[in-house]
Amino acid sequence: MNNLGLIIKREYIQRVSKKSFILLTFLTPFLLAALVFVPLWLASIKSDTAKTVAVFDSTGKYASLFKDTEEYRYIVPDKDIEEYRESPDKEVFAFLHITGDLLSNPAAATLYSEKQIPMGLKKEVDNVLSDYLKEEKLQSFNIPNLQEIINESNINFDIKTVKWGEDGSEQKSLVEVAPLVGLVMTLIIYMFIIMYGGMVMQSVMEEKTNRIVEVMISSVKPFDLMMGKIIAIGFVGLTQMFLWGILSTVLISGSLYLFGGGVSSEELMAAQMAVQSGGELATGQTSEMALQIQEVLNSINLKAILSCFIVYFVGGYLLYASLYSAIGGSLDQQEDAQQFMTPMIILMVFALYAGMYSMDNPDGPLAFWCSLIPFTSPIVMMVRLPYDVPIWELVLSVVILYVTAIAITWVSARIYRVGILMYGKKPSLKEMLKWLRYK
Amino acid sequence: MYFLETEDVVKQYSGHLALNKVSIHVPEGKIFGLLGPNGAGKTTLIRIINRITAPDSGKVFFDGRESLPADIYQIGYLPEERGLYKKMKVGEQAVYLAQLKGLSYHEANTRLKHWFEKFGIMPWWNKKLEELSKGMQQKVQFVTTVIHEPKLLIFDEPFSGFDPVNAELLKKEILELKQAGHTVIFSTHNMASVEEICDNIALINHSQVVLSGEVNEIKQRYKTNLYTIKVTVESGSAYHEQENKYYSVINMKEFPDGFVIQLKKEPELSNSELLRLLSSQFEIIRFEEELPSMNEIFINTVSQSK
């Protein structure tokens, strides 16, 4: 076995057999499952006692509008409101006092309570009254079929976008969904780099803290050492991600099966969707959206995008990992490491923003240049990919990315080797250059 | 035949000259002592030989030709600053390091088992390194240095951290390695060990070689023409001091079993001539030339070259 292989093997086995790795790998899916189920579970708990709201309606028009909900029970008491005020009744949570016609005098209704009135109650009362008053107002115009006219005029325009293929054939264009695909992939790359880049840095510093660096340097090429570490940790990351994926799926579907006795899994999924989108999407819309996504996914060249994703994923990881290794190579102390993380994060945040702006104009100059610059290209190019990037741009950007990644790894290997000889001395620039040339 | 040579090696660190035209000649199959006070430049020279750092000027010759990057695989290097992976199991990491030096997994295992048995550290094979005592870790480190049987072995302060028993064991191993034909460079402050095991030395002080050559030859060069003889009581008490141009008596002490006399001879007189002169006067029990110890030579040379 050659040295690179040996280094990868050792690094991988050491990392994967660490207790912390095993613990995190198996605990995270539980956390993830909890993230899905706890909100659902909490939402499904009904507060056992509905609070009582007493409605005093001197007009008699409004009291019947209020229907009991899960949280509030509306009653029309026989006592006067002043009596309640003097001798508070613990049973009644709030008092709605309506003294006159609300259409002519909106200030005629007041909500009293001995406690702070919750947002939910105020909103509910507001909604009920607004809806009723709106209708009453419309009625007062005395125009026949007004309600129907309004319903009809409620137009929601959604233009169809079509892209012409080379041969003039029509393809459904993907204004909304296409960037989504890119963005999801971008986020995967981004997450991966953040999670495992730091690990590369730690690992490069490991030899220094263990003082084994001189032995290693007299046995292996520093470049092999760096590359080995970067590759091994890449595999560690993939292993962890893979296990997380499997475990989360098993856990979530398992618990769905277990808890799902009363509720069908679709309902749960719909509820989950609703939670995520803030309740904006109704169940019907969800499935329609899913259908749309399906359609668009079919229309874009999924195979090409996936293979590009892999190329950029690997390239992006290599590049950033090599930067991290350069930092690790030039540092002596673990404590300094934290400081150097900041510029890395800034660089990546910039890439993410560039990616988002590129979404608005995927062929603009920002998108073009940022998909050539290696530090931003993995992210920006992923966003642009669904929009048919010219082949030469793609090839150029991939080549630049990989060449830069390898060059940085090479430089960081040099830095690493010089680092052990410094003993607190600052290397001069001339010395650094000389070092870069020495084999 | 020299196995390793350096020729006018110069190394400048910012504002400080670490090595100034250093030339050393290490004969094949011998033990070469690289001596010098702290900060003289020994470790820098070793790193240049190991190709960890490059000389600013000058050349390094390995096995008769200029040294190449691949030569490091024929060097076993025990750095002064020891270290191994703390969290890794001892056996596992010894095998890993041996494999990095080009041994097959199987070969590495066999040889390591042999060495571990020899050093009595076999029971620690499956322990993590951090569970071992420092001396034990040093043994492991020594084994990983020699395991690939390199032609050239470089030990930087090999005895530091060893108790006398283990230092003796190590010394024996180093001598055995020499017997097996390895060339050894070894840097130390421990002059007693130099006298015991080194064939040749180079003494570096203030970035320069101030003394080099075979240990015996150097001792001859620094000899003081002082002798100690022991003679019987009868011949000693019969002795009357008289001037002569060959030697002078410096000191004479009486002991129950005889006299111990310290004398200085003239440089041109050979030992056997001196002995002949003395034997005509005394009944000699013991005759010994007082050669300076390496320790004295070291201290003298270093303080002179200041």
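Per chain, residues are indexed from 1 in the order of the written sequence. Starting at A for chains and at 1 for ligands, labels are handed out in the order in which the entities are written. Under the rules for a predicted model, residues below a pLDDT of 70 receive no local features and side-chain atom pairs below 80 are neither given nor counted, while totals for whole chains, interfaces and linings still include all residues. The basis for the side-chain values is all heavy atoms of the structure; hydrogens and waters are excluded.

1. Quick look at the overall build of chain B
Counted only if it meets this: Here a helix means four or more residues in a row that DSSP labels H or I, a strand means two or more in a row labelled E, and each is numbered from the N terminus. Relative accessibility decides the category of a residue: with a 1.4 Å probe and only protein chains considered, values under 20% of the type maximum give buried, values over 50% give exposed, and everything between is partly exposed. Contacts were defined at the residue level, with two residues in contact if any of their heavy atoms lie within 4.5 Å. All accessible areas in this document rest on Shrake-Rupley with a 1.4 Å probe, and a residue is counted as covered only by the protein chains that are shown. For the charge count, each Lys or Arg is scored as positive and each Asp or Glu as negative, with His and the chain ends excluded. Charge positions come from single atoms, namely NZ of Lys, CZ of Arg, CG of Asp or CD of Glu.
Counting secondary structure elements, chain B contains 10 helices and 14 strands. Counting only C-alpha atoms and orienting by the principal axes, one finds that chain B spans roughly 75 × 45 × 35 Å. Relative to its full complement of 306 residues, chain B shows a buried share of 51%. Sequence-distant contacts, at least 24 apart, represent 68% of the contacts inside chain B between residues at least 6 apart. With an accessible surface of roughly 14,200 Å², chain B has 49% of that area assigned to carbon and sulfur atoms. In chain B, 35 positive and 40 negative side-chain charges are present, and the distance between their average locations comes to 7 Å.

2. Digging into the interface of chain A and chain B
Put simply, the test is: When two components associate, each loses some accessible surface as probed by a 1.4 Å sphere; the sum of these losses over both components is called the buried area. Think of a salt bridge as a Lys or Arg side-chain nitrogen and an Asp or Glu carboxyl oxygen that are within 4 Å of each other. Distance and chemistry together define a polar contact, namely a pair of N or O atoms within 3.5 Å, with one atom able to donate a hydrogen and the other to accept it when in protein, and with adjacent residues in sequence counting only for side-chain atoms on both sides. Residues are grouped as follows: Ala, Val, Leu, Ile, Met, Phe, Trp, Tyr, Cys and Pro are nonpolar; Asp, Glu, Lys and Arg are charged; every other residue, Gly included, is polar.
Counting residues at the interface gives 29 residues for chain A, matched by 30 residues for chain B. Between chain A and chain B the total buried area reaches about 3,000 Å² when both faces are included, carbon and sulfur atoms providing 52% of it. On the surface where chain A and chain B come into contact, there are one salt bridge. Notably, a salt bridge pairs glutamate 214 of chain A with arginine 47 of chain B, separated by 3.0 Å at the nearest N-O pair. At the boundary of chain A and chain B, one finds five residue pairs in polar contact (both at pLDDT 80 or more). Taken together, the elements giving at least two residues each to the side of chain A that touches chain B come down to α1 (3–16), α6 (177–209), α7 (213–217), α15 (391–422) and α16 (429–437) of chain A. In terms of residue class, the side of chain A that touches chain B is made up of 12 nonpolar, six polar and 11 charged.

3. Structural notes on empty space enclosed by the protein
Rule in force here: A 1.4 Å probe that fits but cannot get out identifies a cavity on a 1 Å grid over protein atoms alone, an open set with protein on both sides within 12 Å along at least five of seven lines counts as a pocket, and a residue lines either if it has an atom within 4 Å of a point. Grid points are joined across faces, edges and corners, and a volume is the space filled by probe spheres set on the points.
Tallied over the full model, the rule gives two cavities of 30 Å³ or more. The computed volume of the largest cavity comes to approximately 70 Å³. Lining the largest cavity are Val215 and Ser219 of chain A together with Tyr77, Leu78, Leu97, Lys101, Gln141, Thr144 and Thr145 of chain B. Sorting the residues of the lining of the largest cavity by element identifies β6 (75–78) and α4 (134–146) of chain B as the ones contributing at least two each. Sorting elements by how many residues they give to the lining of the largest cavity places α4 of chain B first, with three residues.

4. Points about the sheet that holds strand β1 (residues 51–57) of chain A
All names here are of chain A. The criterion, for reference: Following DSSP output, two strands are said to pair if at least two bridges run between them. To define axes, lines are fitted to C-alpha atoms, for helices over the stretch in contact only, and angles between the resulting N-to-C directions are given on a 0 to 180 degree scale.
Ordered by their spatial adjacency, four strands build an open sheet running β2-β1-β3-β4, and the pairing between neighbours is mixed. Among the strands making up the open sheet, the edge pair consists of β2 (72–75) and β4 (109–113). Taken over all neighbouring pairs, the strand axes of this sheet differ in orientation by 25° on average, direction set aside. Pairing between β1 and β2: four bridges, direction parallel. Bridging across to β2, valine 53 finds its partner in tyrosine 74. In the packing of helix α4 (residues 119–141) onto the sheet, contacts are made with β1, β2, β3 (92–98) and β4, and the angle to β2 comes to roughly 50°.

5. Considerations on the nonpolar core
One recurring pattern in soluble globular proteins: nonpolar side chains tend to sit buried together. Heads up, the condition is: To define a nonpolar core, start from buried Ala, Val, Leu, Ile, Met, Phe, Trp, Tyr and Cys residues and group those joined through side-chain atoms within 4.5 Å.
In terms of nonpolar packing, the biggest core is built from 132 residues, with Phe116, Phe142 and Phe155 of chain B touching the most fellow members. Counting residues per element, this core draws most heavily on helix α11 (residues 302–330) of chain A, which supplies 13 residues. With residues up to four places along the chain from it excluded, the contact list for phenylalanine 142 of chain B reads Leu78, Trp115, Phe119, Phe155, Leu170, Glu173, Ile174 and Leu177 of chain B. Of all hydrophobic cores here, the second largest spans 17 residues; its members include Val55, Phe66, Val125 and Leu133 of chain A.

6. Side note on helix α2 (residues 90–100) of chain B
Because the α-helix completes a turn every 3.6 residues, residues three or four places apart line up on one side. Residues and elements named next belong to chain B. For α2, the tally of buried residues reaches 10 of 11 residues, placing the bulk of the element in the interior. Buried residues of α2: Val90, Gly91, Gln93, Ala94, Val95, Tyr96, Leu97, Ala98, Gln99 and Leu100, and no others. Glycine 102 sits one or two positions beyond α2 and adopts a positive phi of about 100°.

7. Re the packing of aromatic side chains
Residue and element names in this part refer to chain A. Our working definition: For Phe, Tyr and Trp, rings pair up if their centres lie within 6.5 Å, where Trp contributes its six-membered ring, and each pair is then called stacked (planes under 30 degrees apart), edge-to-face (over 60) or tilted (otherwise).
One pass over the structure, following the stated rule, counts 20 aromatic pairs over all chains. With centroids separated by 5.4 Å and ring planes inclined at 75°, the aromatic side chains of phenylalanine 192 and tyrosine 317 adopt a geometry described as edge-to-face. You can see phenylalanine 192 sitting in helix α6 and its partner tyrosine 317 sitting in helix α11, a full 125 residues away along the chain. Across the pair, tyrosine 317 and phenylalanine 192 agree in class, each one buried. The structure contains a cluster of three or more aromatic residues connected by ring pairs, namely Phe192, Tyr196, Phe309, Phe313 and Tyr317.

8. Notes on the domain arrangement of chain B
Just so we agree on the cut-off: In this document the domain limits rely on a domain assignment from an automatic tool or a database.
The assigned domain composition of chain B is domain 1 (2–214) and domain 2 (224–290). Between domain 1 of chain B and domain 2 of chain B, the C-alpha centre-to-centre distance is 45 Å.

9. Brief notes about the sheet that holds strand β9 (residues 200–205) of chain B
Residues and elements named next belong to chain B. Ordered by their spatial adjacency, six strands build an open sheet running β6-β7-β8-β3-β9-β10, and the pairing between neighbours is mixed. Sheet topology places β6 and β10 (208–214) at the edges, where each strand pairs with a single neighbour. Mean inter-strand twist for the sheet, computed between neighbouring axes without regard to direction, equals 15°. Bridge analysis of strand β3 (residues 31–35) against β9 gives four bridges, and the strand direction is parallel. Residue pairing across strands places phenylalanine 32 opposite asparagine 200, the latter belonging to β9.

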